[in-house]
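Results of the structural survey
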Amino acid sequence: MPQIEIHIGGRTFEVACQEGEEHFLHSAAAMLDAEAATLAEQIGRLPESRMLLMAGLLLADKTVGLDEKLRAAEAEMAELRASVDKLNARPTPEPQRVEVPVVPADVIDTLAEIAARAEALADQVDADLD
């Protein structure tokens, strides 16, 4: 079982851990050291046991807050998954036939005749101007 040294609140501690868990222990010690440093700045020098107790309580308080946020996020995610599952379970809608209105042939013929007259008038105006 590996023995590692951790530093918390300006003090060094030798701690045993499981093989391969050294990284996690160093991370946890760094978090505890950060809380201890905050306490030392705010309160000053504390007895070791009191400093570790207060730093542990501060970390526990943060953990409780994060646990509550995690539970709320998991509940929201479960609701969203249920909504997605419900939408996915719906049958695929049948395609709908869409009819586009067609312009009647007599209207097309009338518009073509009007366009031809307009062009003839434009040609006549051009000829009169020359």
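Anyway, here's the lowdown on the structure attached to this text.

Calculation criteria
- Residues numbered from 1 in each chain as written.
- Predicted model: local features only at pLDDT ≥ 70, side-chain atom pairs only at ≥ 80, totals over all residues.
- Heavy atoms only, no water.
- Axes fitted to C-alpha atoms, helices over the stretch in contact; angles between N-to-C directions.
- Helix = DSSP H or I, 4+ residues; strand = E, 2+ residues; numbered from the N terminus.
- Parallel < 35°, antiparallel > 145°, perpendicular 65-115°, else oblique.
- Left-handed = near helix turned anticlockwise from the far one by under 90°.
- Contact = heavy atoms within 4.5 Å.
- Buried < 20%, exposed > 50% of the residue type's maximum accessible area, 1.4 Å probe, protein only.
- Pairing = 2+ DSSP bridges.
- Expected span 1.5 Å × (residues − 1).
- Arc of directions from axis to C-beta.
- Salt bridge = Lys/Arg side-chain N within 4 Å of Asp/Glu carboxyl O.

Side note on the packing of helix H1 (residues 22–43) against helix H2 (residues 48–89)
Helix packing geometry: the angle between the two helix axes and the distance between the axes. Taken N-terminus to C-terminus, the directions of H1 and H2 make an angle of 115°; their axes are 9 Å apart at the nearest point. By the angle class used here, H1 and H2 are roughly perpendicular. You can see that H1 and H2 cross each other, and the crossing is right-handed. Each of Met 31, Leu 32, Glu 35, Ala 36 and Leu 39 in H1 lies in contact with H2, whose residues at this interface are Met 51, Leu 52, Met 54, Ala 55, Gly 56, Leu 58, Leu 59 and Lys 62.

Structural notes on the pairing of strand S1 (residues 3–8)
Of the two faces of S1, the one lined by Ile 4, Ile 6 and Ile 8 is fully buried and the one lined by Gln 3, Glu 5 and His 7 carries no buried residue. As defined by bridge partners, S1 adjoins strand S2 (residues 11–16) across six bridges and the pair is classed as antiparallel. Pairing of Ile 6 across the sheet is with Phe 13, part of S2. With antiparallel pairing between neighbouring strands as the criterion, S1 and S2 make up a hairpin whose turn holds two residues, including Gly 9 at a positive phi of roughly 60°.

Here's the deal with H1
In this model, H1 (22 residues) spans 31 Å end to end at C-alpha, consistent with the 32 Å of a helix rising 1.5 Å per residue. Buried within H1 we find Ala 29, Leu 32, Glu 35, Ala 36 and Leu 39. Relative to the axis of H1, the buried residues are bounded by an arc of 125° and lie together on one face. In this structure, H1 carries His 23, Met 31 and Glu 41 as exposed residues pointing more than 90 degrees from its buried face. On the buried face of H1, the contacting elements are S1 and H2.

A look at the side chain of Arg 11
Of note, Arg 11 is situated in strand S2. Residues contacting Arg 11, with those up to four places away along its chain left out, are Ile 6, Arg 45, Leu 46, Glu 48 and Met 51.

Notes on the pattern of salt bridges
On inspection of all chains with the given rule, the structure shows four salt bridges. Across the salt bridge formed by Lys 62 and Glu 35, the nearest N and O atoms sit 2.5 Å from each other. Here Lys 62, found in helix H2, pairs with Glu 35, found in helix H1; they are 27 residues apart in sequence, far enough to count as distant. Under the relative-accessibility criterion, Lys 62 is labelled partly exposed at 48%. Glu 99 serves as the salt-bridge partner of Arg 97, at 3.9 Å between the closest nitrogen and oxygen. Glu 99 carries the same exposure label as Arg 97, and that label is exposed.

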